[in-house]
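Below are the chains, spelled out letter by letter.
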Amino acid sequence: MTTEVLTEDLSEHNQHHKMTGIKRWLYTTNHKDIGTLYLWFSFIMFLTGGALAMIIRMELFQPGLQIVEPDFFNQLTTVHGLIMVFGAIMPAFTGLANWMLPMMIGAPDMALPRLNNWSFWILPFAFAILIGSFFMESGAPNFGWTFYAPLSTTYSNGSTAFFVFAVHIMGISSIMGAINIVVTIMNLRAPGMTYMKMPLFVWTFFITAYLLIAVMPVLAGVVTMVLTDTYFGTSFFNAAGGGDPVMFQHIFWFFGHPEVYIMILPAFGIVSTTIPTFARKKLFGYSSMVYATASIALLSFIVWAHHMFTTGMPLFGELFFMYCTMLIAVPTGVKVFNWMATMWRGSMTFETPMLFSIAFVILFTIGGFSGLMLALTPVDFQYHDTYFVVAHFHYVLVTGSLFSIYAGAYYWLPKWTGHMYNDVLSKWHFWCSLISVNLLFFPMHFLGLAGMPRRIPDYALQFADFNKWISIGGFAFGLSQLIFLVVVIKCIKGGEKAPAKPWEGAEGLEWTVPSPAPYHTFSTPPKID
Amino acid sequence: MKRRNLGWLSLGSLLSYSAWADMPLNLTQGATEVSRNVYDLHMLVLYICTGIGIIVFGIMFWSMIFHRKSKGAKSASFHESTKIEILWTAIPIVILIAMAVPATSTLIEMEDNSNADVTIQITGSQWKWHYKYFDQGIEYYSVLSTPREQYENHQSNSAIKNEHYLLEVDKPLVIPANKKVRFLMTSDDVIHSWWVPAFAVKQDANPGFINEAWTKVDQPGIYRGQCAELCGKDHGFMPIVVEVKSEADYQNWLIEQQQLIAQSAEAEKASLNSSLAMDELMQLGEQVYLANCAACHQPTGLGLPPAFPALKNSPVATGDINEHIITVFNGRVGTGMQGYGKQLTLKEIAAVVTYERNAWGNNTGDSVQPADVNAAVAK
Ligand code: HEC
Ligand SMILES: [Cu+2]
Ligand SMILES: [Cu+2]
């Protein structure tokens, strides 16, 4: 009943109020507009974070300090990490959710459209504060994106307040976005779409949203404690006042581990959509995929201290967190095997979304392997805080999350713009990215094993060769991403007209509406049987 | 033509670095039983992952090659099998248990800190290590010894770099071979992490808390490592060098150190009655300053505000002498400014304070004698 009321209300309301120019974007409550805003914002942030990474790689091109000072180097790594996590990957997923969730469940819009507008429009302010701190006297945050106390509190360079304020805003934005996703999925599904009939994409966002609601407040709590420790004389993390710096890490990683699943579960949802399409075969083991996603989400709450094996935990703690972390390999393995089985005896074609999806499965799995290695406490003592870890999380976040976002973007671009993207350019984008990303991140495994710590601006001579090749890979990868920008702009401006369903094997409600998707879709809900 | 030359040049410069390369491509086996167990575990997981990878990726590539539409492949209709799902849940669990067993036993061994022969307290601070031998009365700081001009290449003044560039210190930690050496780790300021790969020891040094680790090295030799936890500006410049000596050499070293300590105590006493000329103070002061203070306050005295204040025209360095001395001697609690009373001799403190009061146009004309330092801190 509520559904009907909302539906009518929305369609009538918005038809009269579609504004033009900048006002359209500022005041919009339309899920497609907001999705577009999120996607552009995340891409701009991605290029910004990438530019910082380019400076880092220039400095590391050869031994010696050539370009930046060590303190500025720390600012670069910190802000690079924060921008990529909170500014690029997370908003890109929220953008995809905004665009696709309502269309996939046959809803007219997100359930809470004004909240939606607000959760996007506070984001630019958060990042203006964060990036603006580069131009202030204190400089930008320089304590790593993990902001361990007391480096971020007692010993901070004075940027802590900006940092905390920016993170608070990002957190509020994420929580509001997540609440919107949960409410939409629970209330606005088309009649007949039971939970176990939802596309897997919807399931992964549903579970991710719960994770966000659970852990973003924890992040808010810990940054607030950092704030009061720095400026108001509390001693949460200050041993001299009875606090404990290791407690900071426990609270941070209680947020931080689920956070990494927040950045990968939606990726699972995307490739579980694209792989069946281009293999022309139903997703293998739909229900086991749902259960695997849910168990990964639950397990993610009891493994946080695997980031902290060297902090001096008792043996029992180390064993507990090691075993729990190893367990995560089981549901993750199930997912990979299911994708493998979906491809098996399919009728495959290799359009760009499929190329990115296959690259995702293989390279994410490599990241998963190194994750399993890191789970083993005794060897983690050797890997921890080295380039091995840097390699690991870039495999899961770049060739994992980012590649899945590209897969999704290419997959739905025809639906968004009404045009097919330029196939040749998109293939260039894929192959250049694939080759350069491996040149960039694969050698990092070896650097880590050979003993190079992370977060250092200069290094011993033995590491020189590998760093040089990594930097070259980095520059090439950075440039390759500009191809994507060209593809998208060309695709918006024109190109071959896209039919309602451009992919032969595609399934789902989003393909039942014309391309480009009209401003309002499913004003009357479709019937699912 | 020109462009091509440039291309060759840069290619040449790429290749020329290869001369430096002899980086091991795998984890070190190290020099202890524990490090070898850790290495074995690493290889075990690596092989298992490679095996699984070959199978899974093999199947995927097989379908990519043979089950493609362009080859006329028709898609099958299967999309579920409880049997297979159970199978590929169960097999990984078995493999995981096979890994967990050796991991658990190695971990139990690593965490057994009992029955140590030698105990050493390791204290990290921005950006040096302090070693203190229990029951021996020996303690000293260990700092990077690579000269600044080798790593500060901003003006492209690339001095030839030492063989152990950034992995060398003035005074290494010395421990005996074949003895169980226990380390107690802590920190004076932020979190550091003491890591020597050859021992498979990486342990955080947390301010206000003490962590334990141990090693038992079988071969004398020199082993190098680095601080592994981001600890501020010069995190990349606080290496660790451990010199492992045979039992006899180690005993001799201990005696030598104790004699040195006795000698410097004598010298300290003698310095109280000495009076140094301004030139001498300034010269020594500059040396001390560049070695101990310039990382934060910069060779120019301008500091890196707001984190590290300028000393040029600073109210302290141009104001009350006693306050200046006390600041340097005791440091300021809860800031990067550590107390140098333990690290420098009275003479060195006198010299560096004199230097700071007269360098960079501070021109106070004051000269400070060791006895002045002693008097100021005694109050
Ligand atoms: C790890 C960085 C670091 C090093 C190394 C360091 N200092 Fe400092 N120093 C500081 C900081 C931070 C302050 C400001 C403390 C505060 O906030 O009160 C400071 C303050 C001072 C002051 C007081 C300045 C003022 O105007 O308040 C003097 C004098 C001083 N340092 C001398 C020295 C001398 C001499 C050395 C070498 C023996 C040295 N410092 C080494 C970080 C450092
Ligand atoms: Cu984790
Ligand atoms: Cu350190």
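Residue indices begin from 1 for each chain and proceed along its sequence in written order. All chains are assigned letters beginning with A, and all ligands numbers beginning with 1, in the order in which they are written. This being a predicted model, a pLDDT of at least 70 is required before a residue's local features are given, and a value of 80 or more before pairs of side-chain atoms are given or counted; all residues contribute to the totals for chains, interfaces and linings.

A few words on the overall build of chain A. Secondary structure summary: chain A contains 17 helices and zero strands in total. Based on C-alpha atoms, the radius of gyration is set beside the globule rule, defined as 2.2 Å times the residue count to the power 0.38. Its C-alpha radius of gyration of 23 Å places chain A within 12% of the 24 Å reference for a compact globule of 529 residues. Counting only C-alpha atoms, chain A reaches 65 × 50 × 45 Å along its principal axes. Neighbour counting defines burial: a residue surrounded by 20 or more other C-beta atoms within 10 Å of its own C-beta is buried, one with 12 or fewer is exposed, and intermediate counts give partly exposed, using backbone-placed C-beta atoms. Counting all 529 residues of chain A, 64% fall into the buried class. Contact between two residues is assigned whenever their backbone-derived C-beta positions fall within 7 Å. Contacts spanning at least 24 positions in sequence make up 83% of the contacts within chain A whose residues lie at least 6 apart. The secondary structure listing takes helices from DSSP runs of H or I that are at least 4 residues long and strands from runs of E that are at least 2 residues long, numbered from the N terminus.

The next point concerns the packing of helix α11 (residues 286–299) of chain A against helix α12 (residues 315–343) of chain A. Residues and elements named next belong to chain A. To get an axis, a line is fitted to the C-alpha atoms, and for a helix only the part in contact is used. The angle between two axes follows their N-to-C directions and goes from 0 to 180 degrees. It is at 9 Å that the axes of α11 and α12 come closest, and there the two elements cross at 155°. Relative to α12, the element α11 lies roughly antiparallel. Remark: the crossing between α11 and α12 carries left-handed chirality. Between α11, through Ser288, Met289, Ala292, Ser295, Ile296 and Leu299, and α12, the contact on the second element is made entirely by Cys324, Leu327, Ile328, Pro331, Thr332, Val334, Lys335 and Asn338. Basically, the charged four are Asp, Glu, Lys and Arg, the nonpolar ten are Ala, Val, Leu, Ile, Met, Phe, Trp, Tyr, Cys and Pro, and anything else, Gly included, counts as polar. Its residues assigned to classes, the contact of α11 with α12 comprises nine nonpolar, four polar and one charged. Relative orientations are named as follows: roughly parallel for angles under 35 degrees, roughly antiparallel for angles over 145 degrees, roughly perpendicular for angles from 65 to 115 degrees, and oblique for any other angle. Crossing handedness follows the turn of the near helix against the far one: under a right angle anticlockwise gives a left-handed crossing, and clockwise gives a right-handed one.

To continue, consider the nonpolar core. By size, the foremost hydrophobic cluster in this structure holds 267 residues, and its most contacted members are Ile89, Val202 and Phe360 of chain A together with Ile349 of chain B. Counting residues per element, this core draws most heavily on helix α4 (residues 70–105) of chain A, at 21 residues. In this structure Val202 of chain A touches Leu101, Met104, Ile105 and Ile185 of chain A, once residues within four positions along its chain are discounted. The term nonpolar core refers to a group of buried residues, namely Ala, Val, Leu, Ile, Met, Phe, Trp, Tyr and Cys, whose C-beta atoms join them within 7 Å.

Before going further, it helps to examine the site of ligand 1. Only the C-beta atom matters for this test: placed from the backbone, it must lie within 6 Å of a molecule or strand for the residue to be near it. Taken together, 23 residues sit near ligand 1, with Cys293, Cys296, Ser314, Gly336 and Met337 of chain B positioned nearest. Mapped by element, the contributors of at least two residues to the shell around ligand 1 are α7 (294–297), α8 (321–330) and α9 (346–358) of chain B.

As a further point, take the interface of chain A and chain B. With 83 residues of chain A in contact, the opposing surface of chain B contributes 85 residues. Going through the elements one at a time, α4, α9 (245–262), α12, α13 (352–375), α14 (377–383), α16 (423–450) and α17 (464–493) of chain A are the ones with two or more residues in the side of chain A that touches chain B. Of all the elements, α12 of chain A adds the most residues to the side of chain A that touches chain B, at 14 residues. In the side of chain A that touches chain B, the residues fall into 48 nonpolar, 23 polar and 12 charged.

Turning next to unusual backbone geometry. Residue Pro150 of chain A is bonded to the preceding Ala149 of chain A through a cis peptide linkage, with omega at 0°. By the secondary structure assignment, Pro150 of chain A is in the loop between α6 (123–132) and α7 (160–187). Omega for the peptide link from Ser515 of chain A to Pro516 of chain A comes to -10°, which places this bond in the cis form. Structurally, Pro516 of chain A can be placed in the segment after α17. Phi at Asn115 of chain B is positive, roughly 55°, even though this residue is not glycine. Along the polypeptide, Asn115 of chain B turns up in the loop between α3 (82–110) and β1 (118–125).

With that settled, the discussion passes to the environment of Leu47 of chain A. Residue placement: Leu47 of chain A occurs in helix α3 (residues 31–59). Considered as a pair, Leu47 of chain A and Leu479 of chain A are 432 residues apart in the sequence and their alpha carbons are 10.0 Å apart.

Bringing the domain arrangement of chain B into the picture now. The source of the domain bounds is an automatic or database domain assignment. By the assigned domains, chain B splits into domain 1 (2–67 + 82–110), domain 2 (118–268) and domain 3 (273–378). The distance between the C-alpha centroids of domain 1 of chain B and domain 3 of chain B comes to 52 Å.

Residue and element names in this part refer to chain A. Two numbers describe how α13 lies on α16: the axes approach to 10 Å, and their chain directions differ by 10°. Classified by the angle between their axes, α13 and α16 sit roughly parallel to one another. Across from Thr352, Leu355, Phe356, Ala359 and Ser370 in α13, the residues of α16 making contact are Ser426, Lys427, Phe430, Leu434 and His445. A class-by-class count of the residues in the contact of α13 with α16 yields five nonpolar, four polar and one charged.

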